[in-house]
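What follows is each chain in one-letter form.
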Amino acid sequence: MTIALLSHVDLDAGYPDRFEAAGFTLFFATTTEQRASLDPQIAQQIRAVLTIGSIGLSAAEMDNLPNLEIICAQGVGYEHIDVEAAKQRGIHVTHGPGTNNSSVSDHTLALMLAITRKIPQFDAAVRGGEWKKARWNTPGMAGKRLGIIGMGNIGSLIAHRAAGGFDMEIGYHNRRPLEDTPYRYFPDITGLAQWADYLVVATPGGKDTVRLVDADVLRALGPDGFVINIARGSVVDSNALIASLRNHEIAGAALDVVDGEPQVPADMLTLDNLVITPHVAGRSPESVENMMTLVLSNLTAHFGGKPVMTPVPQ
């Protein structure tokens, strides 16, 4: 059978061989244009699709695959997979909850430290021969207040690391408060931002979370506050963030995701109170191994006539 790989995932280190050994012939269609112009003979053979949440699979793309049976999202996100269209056709949709939690949490703390302690600026200054000129005083993170939007598995790991390693006070916003948690619940994001020194965005993407962090939230965060986004670029209003950073209405921002990525707004690139990484928080040898193992488990279960391991919530 054929599996169409729709994202530029790390498939080195023997992963293609593992797919082949499991009985899957790999066909790469990594761009919208390639998916739209599939050879009809290839399209007839495709019974499984591997994608990621930020790329997804539309109803129209599904319509071009008449024998499609299963769609596997590598990570936890699946916001751009048309789950309803898949359901109507009886196509299974799986995702990868928990596969990259540790990697994303580690990266979040790294971003927090980088923007707080001006790590990129220090590095650039030293490389530019300005050792003495660049020895600025920078704030610390210990004992500060961390607000988390989305206290799911990743949000909880971030909270655990921040509270245990940096003695940070933790607050959070979810649709509803969690039971049996030591952290303070805020019923609205603006209130959380007003309370917090750091605002971490760890909520799922999709239409329900578009621009949750807007100009009002950023104003509430204030001139000493930092915003960190490791979720989806769509959750933060890019124009509002650029204006807040340019006018020093907040202290800084650190982003692993940008709305419209891989294109980055030109105005972002001129800001010295912003750190950006190219959507790599979930990428580590450990997380890629976890994701590929789970994808293969779901595929093997489905084509072996067994229930899939991690179906998306219906």
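The residue numbering used here restarts from 1 in each chain and proceeds along that chain's sequence as written. With pLDDT at 70 or above as the cut-off, local features in this predicted model cover only qualifying residues; side-chain atom pairs require 80 or more to be listed or tallied, and sums for whole chains, interfaces and linings still use all residues. Excluded from the side-chain calculation are hydrogens and water; included are all heavy atoms of the structure.

Participant: Please give an account of the UniProt feature "domain: D-isomer specific 2-hydroxyacid dehydrogenase catalytic" (unreviewed entry) in the protein that cites residues and values.
Facilitator: Under the present numbering, the feature "domain: D-isomer specific 2-hydroxyacid dehydrogenase catalytic" (unreviewed entry) in UniProt falls on residues 41-312. Secondary structure follows DSSP: runs of H or I at least 4 residues long count as helices, runs of E at least 2 residues long count as strands, and numbering of each begins at the N terminus. End-to-end, the C-alpha atoms of residues 41-312 are 29 Å apart, and along that stretch the chain is 36% helix and 15% strand. UniProt positions are given in the numbering used here, feature names are shortened, and annotations may be inferred rather than shown by experiment.

Participant: Could you give an account of the UniProt feature "domain: D-isomer specific 2-hydroxyacid dehydrogenase NAD-binding" (unreviewed entry) in the protein, naming the residues involved and the relevant values?
Facilitator: In the numbering adopted here, UniProt assigns the feature "domain: D-isomer specific 2-hydroxyacid dehydrogenase NAD-binding" (unreviewed entry) to residues 109-281. Split by type, residues 109-281 is 31% helix and 16% strand. Its first and last C-alpha atoms lie 10 Å apart.

Participant: Describe the environment of Asp237, naming the residues involved and giving the relevant values.
Facilitator: Considering the arrangement of structural elements, one finds Asp237 in the loop between β10 (226-229) and α11 (238-246). On a C-alpha basis, the gap between Asp237 and Val258 in space is 9.6 Å, while along the polypeptide they are 21 residues apart. What makes two residues a contact is simply this: any of their non-hydrogen atoms within 4.5 Å. In contact with Asp237, not counting residues within four places along its chain, are Arg211, Val213 and Asp214. N or O atoms closer than or at 3.5 Å make up a polar contact, with two conditions inside protein: a donor-capable atom paired with an acceptor-capable one, and, for residues adjacent in sequence, both atoms drawn from side chains. Reaching out from Asp237, the side chain makes a polar contact with the backbone nitrogen of Asn239 at a distance of 3.1 Å. A distance of 3.1 Å separates a polar atom in the side chain of Asp237 from the backbone nitrogen of Ala240.

Participant: Lay out the sheet that holds strand β6 (residues 145-149) in plain terms, naming residues and giving numbers.
Facilitator: Being paired, for any two strands, means DSSP has found at least two bridges between them. Overall, parallel pairing links the seven strands, which are arranged β8-β7-β6-β9-β10-β11-β12 in an open sheet. Each edge of the sheet is formed by a strand with only one pairing partner; in this case those strands are β8 (184-185) and β12 (274-276). With three bridges connecting them, strand β11 (residues 252-255) and β12 associate as parallel partners. Considered in β12, the bridge of Ala254 is made with Val275. Whenever a helix is involved, its axis is fitted only over the stretch in contact; in every case the axis is a line through C-alpha atoms, and angles between N-to-C directions fall within 0 to 180 degrees. In the packing of helix α8 (residues 153-166) onto the sheet, the strands contacted are β6, β7 (169-173) and β9 (198-201), and the crossing angle to β6 comes to about 175°.

Participant: Explain the nonpolar core to me, using residue names and the numbers behind them.
Facilitator: Core analysis: the biggest nonpolar cluster contains 29 residues, and Leu199, Val201, Val227 and Leu241 have the highest contact counts within it. Listed by contribution, the elements that provide at least two residues to this core are α9 (189-195), β9, α10 (215-221), α11 and β11. Ignoring any residue separated from it by four or fewer positions in sequence, one finds Val201 in contact with Ile149, Val213, Val227, Ile228, Asn229, Ile230, Ala231, Val235 and Val236. Listed in part, the 25 residues of the second largest apolar core include Ala162, Met168, Val200 and Ile228. Each nonpolar core is a collection of buried residues, namely Ala, Val, Leu, Ile, Met, Phe, Trp, Tyr and Cys, held together in the definition by side-chain atoms within 4.5 Å. For each residue, the accessible area found with a 1.4 Å probe, counting protein chains only, is set against the maximum for its type, and the residue is called buried under 20%, exposed over 50%, and partly exposed in between.

Participant: Give me the pairing of strand β4 (residues 70-73): which residues, what numbers.
Facilitator: Successive residues of a regular strand alternate their side chains across the two faces of the sheet. In β4, alternate side chains face the same way, and those of Ile70 and Cys72 on one face and Ile71 and Ala73 on the other are all buried. As paired elements, strand β3 (residues 46-51) and β4 share four bridges and run parallel to each other. Residue pairing for β4: Ala48 is matched across the bridge by Ile70. Throughout, right-handed denotes a crossover for which the path from the first strand over the helix to the second runs clockwise when the strands point away from the viewer. Each parallel crossover has a hand, and the one from β4 via helix α5 (residues 83-89) to strand β5 (residues 92-94) is right-handed.

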